[in-house]
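Spelled out, the chains give:
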Amino acid sequence: MSTANTAKLKEQFDAGLETRADFTIDQPMHRYGAVDHAVWKQLYTRQTALLEGRVCDEFLAGVRQLDLSADRVPSFDAINAQLTHATGWQIVAVPGLVPDRVFFEHLANRRFPVTWWMRRPDQLDYLQEPDCFHDLFGHVPLLINPVFADYIHAYGSAALAASDAGALPLLARLYWYTVEFGLIRDAASPNGVKIYGAGIVSSKGETLYSQLSDAPNRIGFDLERVMQTRYRIDTFQKTYFVIDDFAQLFDVAQTDFAPLLAKLAGEPALAAGDICETRDAGRIITRGTQEGWAIDGDV
Ligand SMILES: [Fe+2]
């Protein structure tokens, strides 16, 4: 989510953008060309059509409320005019991935870092690092939802407190399996789930895979289980964790993380595709066929 990519940062520094100590920049609107706007329009149009009936209602409400432009890369200032009024959050432009501690400091202060640049036309379906479409279209619509807004704020505060305590891997898994790749129960939908995670919402392939494929496990959310489960950064997820509703995230946001992180610190992690029969009993929604799974490479 936030490990600094020095090559990309160097490219941005060399581009002459003035970067502040907190890694933010002014969104360089003059730097977006016709190709950038066309890529935004293509991705926006494709994903909003694909997500209809697949993504949770809160996400669609957020898109409508923010009034994101379909035709051009949106102005961050225009988004903040809506967002800050609604939930106290603002988005800040950054050159790319920022160091963990900087990232958590922003979240703990209700600032969400958004990469300013757009992917190229030959990268519509896959991009290794987050770009403006992932960060903005994927993440920002839920920041205008009060419950989700409080959840990410609480997460940032906990991660900041824990960032010197060696507990980051545990918290990184929580972010990954909720904010990036979370599913939410919906009885009327295929496999009983809809989508809310930004990594899914911003990806055509994983939108379809996470909801429709027989390959992955889908397991009801459990905080400790999630924090002990490794994940994939180079393939679709082997396991998705499914929240009952956003109120469940509200409860997570009330957690006193320090004692929980201390308790879990020395315990072994589960592989990304593991099912733990006793522990997961009663929460297994679908048991994956494992078709197409890579043998190793869990983070
Ligand atoms: Fe993300």
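Everything numeric here is computed off the predicted structure, so don't read it as measured data.

## Remarks on the overall build of the protein chain
Part 1: A tally of helices and strands in the protein chain yields 14 helices and 7 strands.
Part 2: The C-alpha radius of gyration computed for the protein chain amounts to 18 Å, which stays within 12% of the reference 19 Å derived for 299 residues, consistent with globular compactness.
Part 3: Its C-alpha atoms give the protein chain principal-axis dimensions of roughly 55 × 40 × 40 Å.
Part 4: A burial count over the protein chain gives 55% of its 299 residues as buried.

## Here's the deal with the packing of helix α2 (residues 34-51) against helix α6 (residues 132-143)
Part 1: As a packed pair, α2 and α6 sit with axes 11 Å apart at the nearest point and diverge in direction by 35 degrees. At the point where α2 passes α6, the crossing takes the right-handed sense. Only Cys132, Phe133, Leu136 and Phe137 of α6 make contact with α2, whose side of the interface consists of Trp40, Leu43, Tyr44, Gln47, Thr48 and Leu51.
Part 2: Its residues placed into classes, the contact of α2 with α6 shows 8 nonpolar, 2 polar and no charged.

## A short note on the coordination of the iron ion
Part 1: For the iron ion, the full set of protein donor atoms is His134 (NE2), His139 (NE2) and Glu180 (OE), and the range of their distances to it is 2.0 to 2.1 Å.
Part 2: Between consecutive donors of the iron ion, the numbers of intervening residues give the motif H-x4-H-x40-E.
Part 3: Residue His134 is classed as buried on the basis of its relative accessible area, which comes to 11%.

## Re unusual backbone geometry
Part 1: Even without a glycine there, the phi angle at Asp67 is positive, about 55 degrees.
Part 2: For Asp67, the location among the structural elements is in the loop between α3 (57-66) and α4 (76-87).
Part 3: Look at Gln290: it is not a glycine, yet its phi comes out positive at around 70 degrees.
Part 4: With respect to the element layout, Gln290 can be found in the segment after β7 (284-286).
Part 5: Since its relative accessible area comes to 45%, Gln290 is described here as partly exposed.

## Looking at the packing of aromatic side chains
Part 1: Taken as a whole and judged by the stated rule, the model has 21 aromatic pairs.
Part 2: With centroids separated by 6.2 Å and ring planes inclined at 25 degrees, the aromatic side chains of Trp40 and Tyr44 adopt a geometry described as stacked. Taken together, the residues span about one helical turn, with Trp40 and Tyr44 both in helix α2 at a distance of 4 residues.
Part 3: On the basis of relative accessibility, which here comes to 0%, the residue Trp40 falls in the buried class.

## A look at the pairing of strand β5 (residues 217-220)
Looking along a regular strand, one sees the side chains alternate between the two faces of the sheet.
Part 1: Of the two faces of β5, the one carrying Asn217 and Ile219 and the one carrying Arg218 and Gly220 are both buried.
Part 2: As judged from the 2 bridges shared by β5 and β7, these two strands associate in the antiparallel manner. Bridging from a neighbouring strand, Arg218 pairs with Thr286 of β7.

## Details of the sheet that holds β7
Strand pairs in the sheet, formed through backbone hydrogen bonds, run parallel or antiparallel to each other.
Part 1: On the basis of which strands lie adjacent, the open sheet formed by 5 strands has the order β4-β3-β6-β5-β7 and mixed pairing. Only two strands of the sheet have a single partner each, and these edge strands are β4 (193-195) and β7. For this sheet the average axis-to-axis angle between neighbouring strands, irrespective of direction, equals 35 degrees.

## Remarks on the side chain of Gln211
Part 1: One can find Gln211 in helix α10 (residues 204-212).
Part 2: A distance of 2.9 Å separates a polar atom in the side chain of Gln211 from the backbone oxygen of Val193.
Part 3: If near-sequence neighbours (up to four positions away) are discounted, Gln211 is found in contact with Gly53, Arg54, Ser189, Pro190, Asn191, Val193, Lys194 and Arg218.

## Section: the UniProt feature "binding site: Fe cation" (unreviewed entry) in the protein chain
Part 1: The UniProt feature table records "binding site: Fe cation" (unreviewed entry) at His134, His139 and Glu180. Taken together, the annotated residues stretch across 47 residues yet fold into one region, lying no more than 10.1 Å apart by C-alpha.
Part 2: Its place among the elements puts His139 in helix α6.
Part 3: We classify His139 as buried; its relative accessible area is 5%.
Part 4: For His139, the residues in contact, after removing those within four places along its chain, are Phe112, His134, Tyr175, Val179, Glu180 and Ala198.
Part 5: For His139, the side chain forms a polar contact with the side chain of His134, separated by 3.1 Å.
Part 6: With respect to the helices and strands, the residue Glu180 is situated in helix α8 (residues 168-180).
Part 7: A polar side-chain atom of Glu180 sits 3.2 Å from a polar atom in the side chain of His139.

Cut-off values and rules
Residues numbered from 1 in each chain as written. Predicted model: local features only at pLDDT ≥ 70, side-chain atom pairs only at ≥ 80, totals over all residues. Heavy atoms only, no water. Helix = DSSP H or I, 4+ residues; strand = E, 2+ residues; numbered from the N terminus. Rg over C-alpha atoms; globule rule 2.2 N^0.38 Å. Buried < 20%, exposed > 50% of the residue type's maximum accessible area, 1.4 Å probe, protein only. Axes fitted to C-alpha atoms, helices over the stretch in contact; angles between N-to-C directions. Left-handed = near helix turned anticlockwise from the far one by under 90°. Contact = heavy atoms within 4.5 Å. Nonpolar A, V, L, I, M, F, W, Y, C, P; charged D, E, K, R; others polar. Donors = N, O, S within 2.8 Å, 3.2 Å for Na, K, Ca; no water. Phe/Tyr/Trp six-rings, centres within 6.5 Å; stacked < 30°, edge-to-face > 60°. Pairing = 2+ DSSP bridges. Polar contact = N/O pair within 3.5 Å; in protein donor to acceptor, adjacent residues only side chain to side chain. UniProt positions renumbered as here; feature names shortened; annotations may be inferred.

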